[in-house]
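The primary structure of each chain is shown beneath.
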Amino acid sequence: MGNFIEQQALDFANVSLIQRDVVASVHLEDWEDVLFWDTVIQRVRRGRYNYISYSKADSGHRASGSSQCMKYVGYLSKQFFVCVDSDMNYLMQTPGMDEEHYVAQTYTYSWENHYAQAEALQQRFSNTVPQVEFDVEGFLQAYSKVIYRPLLVLLYCLRNNDLRITRRAFASCLPHQCKTAEIADNGKGILDKMQHDLTELLDSSGVLPGIDFQAEAARYADLGLTEGNAYLHVRGHNLYDLLKSIGRQLCSSHCVDFENAVLNASLPDENCYWELQRVSADLTQILM
């Protein structure tokens with residue numbers, strides 16, 4: 001497999017030599033990732049990039065996703081690098097996912113989380129539909145507070161290979177959509193249901209007595225995870241879909257396409273929060 005992957009990597013790298021207007025080839029997890037990554041990359045170095053959303057696995061079939069991207073580690077360069085969602089890999093400090101290996105990562109769970117960054121999303125929402133009274137930033141901070149301790153429990157279990165709390169079980173407590181009644185009182189119904197489901201999950205697992213929360217909080221604070229930004233480090237697809245569900249219901253009577261006019265209309269300034277700063281810093285190291 002090594003020679004097969006190496007040959008593909010060489011072919012991808014050679015694109016920028018054959019087509020001089022191409023800066024580099026960039027392997028992404030999926031075609032949907034282009035919007036986010038091209039926006040950030042263009043901020044670092046403007047130009048044309050050859051984005052690759054899938055490549056051939058050793059079986060000869062098409063393959064995509066982070067595992068396919070990471071197969072190229074060891075054969076990457078400034079002419080061909082990969083960009084992936086961090087998932088839990090940043091917080092778990094998975095080796096090989098860094099700019100020295102020509103791997104750029106989101107630092108948030110996925111690219112979707114970046115479009116949910118609280119302050120920037122609140123500004124886009126207020127500017128687009130000022131007549132709608134909903135405190136987006138306040139909702140996301142409350143969401144973050146609800147999930148923070150359960151997230152520390154999940155990380156503890158992942159680190160110790162403890163299957164009593166799994167990623168799937170945790171994600172099942174994070175809603176993708178909501179009912180109109182749950183949006184009242186700034187989303188209290190959504191938050192209460194999340195709190196209930198997460199508490200039930202943790203209490204039934206039996207894992208809580210073995211966890212020193214102060215030590216866990218300190219461990220991950222060193223990596224930048226806090227109660228205030230925990231929402232950026234849980235499964236981004238759940239969070240993005242939930243915000244889309246809330247926004248559609250809030251904006252339905254105002255003829256506003258919430259997803260395109262607000263949610264993914266633009267990325268925050270990179271100086272707003274450390275996760276996006278790290279993405280830009282890594283890309284600068286790779287591209288400059």
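Residues numbered from 1 in each chain as written. Predicted model: local features only at pLDDT ≥ 70, side-chain atom pairs only at ≥ 80, totals over all residues. Heavy atoms only, no water.

**Focus: unusual backbone geometry**
For Tyr 107, which is not glycine, the phi dihedral falls at a positive 70 degrees. Examined against the element boundaries, Tyr 107 turns out to sit in the loop between strand 6 (103-105) and helix 4 (111-115). The phi torsion at Asp 185 lies on the positive side, around 55 degrees, for a residue other than glycine. Structurally, Asp 185 is set in helix 8 (residues 180-205). (Helix = DSSP H or I, 4+ residues; strand = E, 2+ residues; numbered from the N terminus.)

**Some details on the nonpolar core**
Counting residues in hydrophobic clusters, the biggest one holds 83 residues, and the most contacted among them are Ile 41, Phe 125, Phe 139, Tyr 143, Ile 147 and Leu 283. Broken down by element, the residue count for this core peaks at 14 residues, all from helix 6 (residues 136-159). If we ignore the near neighbours within four places in the chain, the residues touching Phe 125 are Pro 130, Val 132, Phe 134, Val 136, Leu 250, Cys 251, Phe 258 and Val 262. Formed by 13 residues, the second largest nonpolar core is a distinct cluster that contains Cys 69, Tyr 72, Leu 76 and Met 97. (Core = buried A, V, L, I, M, F, W, Y, C linked by side-chain atoms within 4.5 Å. Buried < 20%, exposed > 50% of the residue type's maximum accessible area, 1.4 Å probe, protein only. Contact = heavy atoms within 4.5 Å.)

**A word on the packing of aromatic side chains**
Remark: the centre distance and the inter-plane angle together describe each pair of aromatic rings, the angle taken between the planes. Inspection of every chain in the model, using the stated rule, returns 14 aromatic pairs. Relative to Tyr 115, the ring of Phe 36 has its centre 6.4 Å away and its plane inclined at 75 degrees; by these criteria the two rings are edge-to-face. With Phe 36 in helix 2 (residues 34-44) and Tyr 115 in helix 4, this pair connects stretches of sequence that are 79 residues apart. Owing to a relative accessible area of 0%, Phe 36 belongs among the buried residues under this scheme. Between Tyr 90 and Tyr 107 the ring centres are 5.1 Å apart and the planes differ by 75 degrees, which places this aromatic pair in the edge-to-face class. Highlighted residues: Tyr 90 in the loop between strand 5 (80-84) and strand 6 and Tyr 107 in the loop between strand 6 and helix 4, separated in sequence by 17 residues. The same class applies to Tyr 90 as to Tyr 107, namely buried. One aromatic cluster is present, formed by Phe 36, Trp 37, Trp 111, Tyr 115 and Tyr 240 through successive ring pairs. (Phe/Tyr/Trp six-rings, centres within 6.5 Å; stacked < 30°, edge-to-face > 60°.)

**Here's the deal with the layout of surface pockets**
Within this model, the largest pocket holds a volume of roughly 420 Å³. Surrounding the largest pocket, 21 residues form its lining, Glu 32, Asp 85, Trp 111, Glu 112 and His 237 being those nearest its centre. No other element matches the five residues that helix 10 (residues 236-251) contributes to the lining of the largest pocket. (1 Å grid on protein atoms, 1.4 Å probe; cavity = no way out; pocket = protein on both sides within 12 Å on 5 of 7 lines; lining within 4 Å. Points joined across faces, edges and corners; volume = space filled by probe spheres on them.)

**Focus on the packing of helix 6 against helix 10**
Contact geometry of helix 6 with helix 10 gives a least axis separation of 13 Å together with a crossing angle of 145 degrees. Along this stretch, helix 6 crosses helix 10, giving a crossing that reads as right-handed. Each of Phe 139, Leu 140 and Tyr 143 in helix 6 lies in contact with helix 10, whose residues at this interface are Leu 239, Leu 242, Leu 243 and Ile 246. (Axes fitted to C-alpha atoms, helices over the stretch in contact; angles between N-to-C directions. Left-handed = near helix turned anticlockwise from the far one by under 90°.)

**A short note on the packing of helix 8 against helix 10**
Orientation of helix 8 relative to helix 10, taken along the N-to-C sense of each, is 110 degrees, at an axis distance of 10 Å. Here helix 8 lies roughly perpendicular to helix 10, going by the angle between them. Between helix 8 and helix 10 lies a crossing of left-handed hand. Along its contact with helix 8, which presents Thr 180, Ile 183 and Ile 190, the element helix 10 presents Leu 242, Ile 246, Gln 249 and Leu 250. When its residues are assigned to classes, the contact of helix 8 with helix 10 shows five nonpolar, two polar and no charged. (Parallel < 35°, antiparallel > 145°, perpendicular 65-115°, else oblique. Nonpolar A, V, L, I, M, F, W, Y, C, P; charged D, E, K, R; others polar.)

**Here we look at the environment of Phe 213**
Within the fold, Phe 213 resides in helix 9 (residues 213-221). Judged by its relative accessible area of 17%, Phe 213 is buried. If we skip the residues at most four places from it in the chain, Phe 213 touches Arg 149, Leu 152, Val 153 and Leu 208.

**Some words on the sheet that holds strand 6**
The strand order 2-1-5-6 describes an open sheet built from four strands, whose pairing is parallel. Edge strands, defined here as strands with exactly one partner in the open sheet, are strand 2 (48-52) and strand 6. On average, each strand axis in the sheet is tilted by 30 degrees relative to the strand beside it, whichever way the strands run. Pairing analysis gives five bridges linking strand 1 (residues 22-27) to strand 2, with the strands arranged parallel. Paired with Val 22 across the two strands is Arg 48, which belongs to strand 2. Sheet contacts for helix 2: strand 1, strand 2, strand 5 and strand 6; angle to strand 2, the most-contacted strand, approximately 150 degrees. (Pairing = 2+ DSSP bridges.)

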